[in-house]
Amino acid sequence: MAVDMGMNILVVDDYKTMLRILRNLLRQLNFTNIDEATDGTMALEKLREKDFGLVVSDWNMEPMTGIQLLREVRGDDKLKGIPFVMITAESKSENVIAAKEAGVSNYIVKPFNAETLKSKLVSVLGEF
Amino acid sequence: MPGDKIGSALGHQLDELRDRHGDTIKVSEISGVVESLLSTVRNELEAADKELFGELEALAQYIQTAKTEIAALCPDEVNKQFLPTAGDELDAIIEATAEATNAIMDATEIVEGVLDGLDGPAKEKLMEATTKIYEACGFQDITGQRITRIVQALKEIENKVGALVEAFGNEIKKHEALQPDKDEEKGGRPIDDADLLNGPQSKKNAKSQDEIDALLASFD
């Protein structure tokens, strides 16, 4: 099935610069509807307000971290099917294992490039 | 046990006093009796605890030396001046790199906007270049996170040094009182080149170009 390039994508990061970088890179990949949140709590509110086809989230945020957000998403019957990609500087094995156990769809380590972003999104969403 | 020895010696002494004076002692003789009792206690303590006293004295001397040395490190100055300044400088780095990164992205987005009206290999090449710029801008996030961790570590050190200052407060005040006032010391001599090397100023302290122009104009 073709990827809906108009689906809502939620980018979550407490660094406004990173939000802007991700928004621009996703736009260059031809995604058109990109929303933002600066922490897990705000992200969860937005996820419950409208339908999203993908969440791209940082890990290290306050008050709700990326892993907490992931667990909330996977524990919510309405949200648990949304693909969730973690983009973070946390690169220890235990982080990756914890994210996998929590149900992450893919994991990108910062700093990353556009090619890595695209390949991980393709593995989660399918070719686009 | 020293206590047992003292108890036994005192008991003996009291028996002797009772033999000599009976159960009542004249007021004029109380001083002599007390002195005699104290002398017994002192002698017994000296004999039994000489080594212990020696060790306690050495320990007290060690603590006093440590307090003096810690006071000489001026932990109060470290906490009030150096650590907060270091924290402010690091915060300023985060702010400056964020501003620069956003300015770079502003310009890149303008370039992208112009690219929308173009076609062919040139467009493709320039689009690739803008992608590279966005990727490179990720440095601000990484350096920002690293610097934030350093700021947190400095705050932790500040708390520890604060506890040290509180514990050694009197010693530090004594040491400070003996030191010459740095501002006075500086004020007493002409400004030299080293005084003029302060690096970038924080935004709240920095003079604007207008203020500098006005200052220069004031010499005319």
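Residues numbered from 1 in each chain as written. Chains lettered and ligands numbered in written order. Predicted model: local features only at pLDDT ≥ 70, side-chain atom pairs only at ≥ 80, totals over all residues. Heavy atoms only, no water.

The next subject is the pairing of strand β2 (residues 33–37) of chain A. All names here are of chain A. Pairing geometry for strand β1 (residues 8–12) and β2, over five bridges, is parallel. Within β2, the position partnered with Val12 by the bridge is Ala37. In this view, the connection linking β1 to its parallel neighbour β2 by way of helix α1 (residues 16–28) has right-handed handedness. (Pairing = 2+ DSSP bridges. Helix = DSSP H or I, 4+ residues; strand = E, 2+ residues; numbered from the N terminus. Right-handed = clockwise from strand over helix to strand, strands pointing away.)

Every contact between the two is made by 18 residues of chain A and, on the other side, 20 residues of chain B. Buried surface at the junction of chain A and chain B, summed over both partners, amounts to about 1500 Å²; 52% is from carbon and sulfur atoms. Among the residues of chain A in contact with chain B, Tyr15, Arg20 and Gln28 of chain A are the three that bury the most area, contributing 40% of the side total. Along the contact surface separating chain A from chain B lie four salt bridges. Measuring nitrogen to oxygen at the nearest pair gives 2.9 Å for the salt bridge that ties Glu112 of chain B to Arg27 of chain A. Linking chain A with chain B are 14 residue pairs in polar contact (both at pLDDT 80 or more). (Contact = heavy atoms within 4.5 Å. Buried area = accessible area lost by both parts, 1.4 Å probe. Salt bridge = Lys/Arg side-chain N within 4 Å of Asp/Glu carboxyl O. Polar contact = N/O pair within 3.5 Å; in protein donor to acceptor, adjacent residues only side chain to side chain.)

Turning to helix α3 (residues 66–74) of chain A, a few remarks are in order. Regarding α3 of chain A, the residues found buried are Gly66, Ile67, Leu69, Leu70 and Val73 of chain A. Down the axis of α3 of chain A, the buried set is contained in an arc of 155°. They therefore lie on one face. (Buried < 20%, exposed > 50% of the residue type's maximum accessible area, 1.4 Å probe, protein only. Arc of directions from axis to C-beta.)

The subject of this paragraph is helix α4 (residues 93–102) of chain A. Residues and elements named next belong to chain A. By the burial criterion, the buried members of α4 are Asn95, Ala99 and Ala102. Looking straight down α4, one finds its buried side chains confined to an arc of 65°; they lie on one side. For α4, the exposed residues set more than 90 degrees away from the buried face come down to Ser93, Glu94, Lys100 and Glu101. Where α4 is buried, its residues touch α3 and β5 (106–109). Immediately downstream of α4, the backbone of Gly103 shows phi near 100°, a positive value.

With that out of the way, let us pick up the sheet that holds strand β4 (residues 84–88) of chain A. Residues and elements named next belong to chain A. The parallel open sheet is built from five strands, whose spatial order is β2-β1-β3-β4-β5. Edge positions in the sheet fall to β2 and β5, since each has one partner strand and no second. Mean inter-strand twist for the sheet, computed between neighbouring axes without regard to direction, equals 20°. Each of β1, β2, β3 (54–57) and β4 is contacted by α1, which is oriented at about 165° to β2, the strand it contacts most. (Axes fitted to C-alpha atoms, helices over the stretch in contact; angles between N-to-C directions.)

As a further point, take the packing of aromatic side chains. Residue and element names in this part refer to chain A. Scanning the entire structure with this criterion turns up two aromatic pairs over all chains. Geometrically, the ring pair formed by Trp59 and Tyr107 is edge-to-face, given 6.4 Å between the ring centres and 65° between the ring planes. One end of the pair, Trp59, is in the loop between β3 and α3; the other, Tyr107, is in strand β5, and 48 residues separate them in sequence. (Phe/Tyr/Trp six-rings, centres within 6.5 Å; stacked < 30°, edge-to-face > 60°.)

Residue and element names in this part refer to chain A. Running from amino to carboxyl end, α3 crosses α4 at an angle of 15°, the nearest separation of the two axes being 9 Å. Taken together, the axis directions place α3 and α4 in an arrangement best described as roughly parallel. Viewed along their axes, α3 and α4 form a crossing whose handedness is left-handed. Counting all contacts with α3, which are made through Ile67, Leu70, Arg71 and Arg74, the residues of α4 involved are Ala98, Ala99 and Ala102. Of the residues in the contact of α3 with α4, the class split is five nonpolar, no polar and two charged. (Parallel < 35°, antiparallel > 145°, perpendicular 65-115°, else oblique. Left-handed = near helix turned anticlockwise from the far one by under 90°. Nonpolar A, V, L, I, M, F, W, Y, C, P; charged D, E, K, R; others polar.)

Among the secondary structure elements, Ala217 of chain B is positioned in helix α8 (residues 209–217). Sequence separation between Ala217 of chain B and Ala86 of chain B is 131 residues, and the spatial gap between their C-alpha atoms is 34 Å.

All names here are of chain B. The pLDDT averaged across chain B works out to 82; a share of 86% of its residues lies at or above 70. Taken element by element, chain B is modelled with least confidence in helix α7 (residues 182–187), mean pLDDT 60, and with most confidence in helix α4 (residues 121–136), mean pLDDT 96. In the predicted complex, the global pTM is 0.71; the interface-specific ipTM is 0.85. (pLDDT = per-residue confidence, 0-100.)

In this section: unusual backbone geometry. Residue and element names in this part refer to chain A. In this structure, Pro63 follows Glu62 across a cis peptide bond, with omega equal to -5°. Mapped onto the elements of the fold, Pro63 is located in the loop between β3 and α3. The linkage connecting Lys110 with the following residue, Pro111, adopts the cis geometry, with an omega of -5°. Mapped onto the secondary structure, Pro111 falls in the loop between β5 and α5 (114–125). Here Asn30, not a glycine, exhibits a phi torsion of approximately 80°, which is positive.

Once that is clear, we can look at the environment of Ala89 of chain A. The residue Ala89 of chain A is located in the loop between β4 and α4 in this model. Owing to a relative accessible area of 30%, Ala89 of chain A belongs among the partly exposed residues under this scheme. Considered as a pair, Ala89 of chain A and Gln68 of chain A are 21 residues apart in the sequence and their alpha carbons are 16 Å apart. Apart from the residues within four sequence positions on either side, Ala89 of chain A is in contact with Lys110 of chain A together with Ile142 and Gln145 of chain B.

As a further point, take the packing of helix α2 (residues 40–49) of chain A against α3 of chain A. Residues and elements named next belong to chain A. Running from amino to carboxyl end, α2 crosses α3 at an angle of 25°, the nearest separation of the two axes being 9 Å. Between α2 and α3, the angle is such that the two are roughly parallel. Pair α2 / α3 crosses with right-handed handedness. Across the interface between the two elements, Gly40, Ala43, Leu44, Leu47 and Arg48 of α2 pack against Leu69, Glu72 and Val73 of α3.

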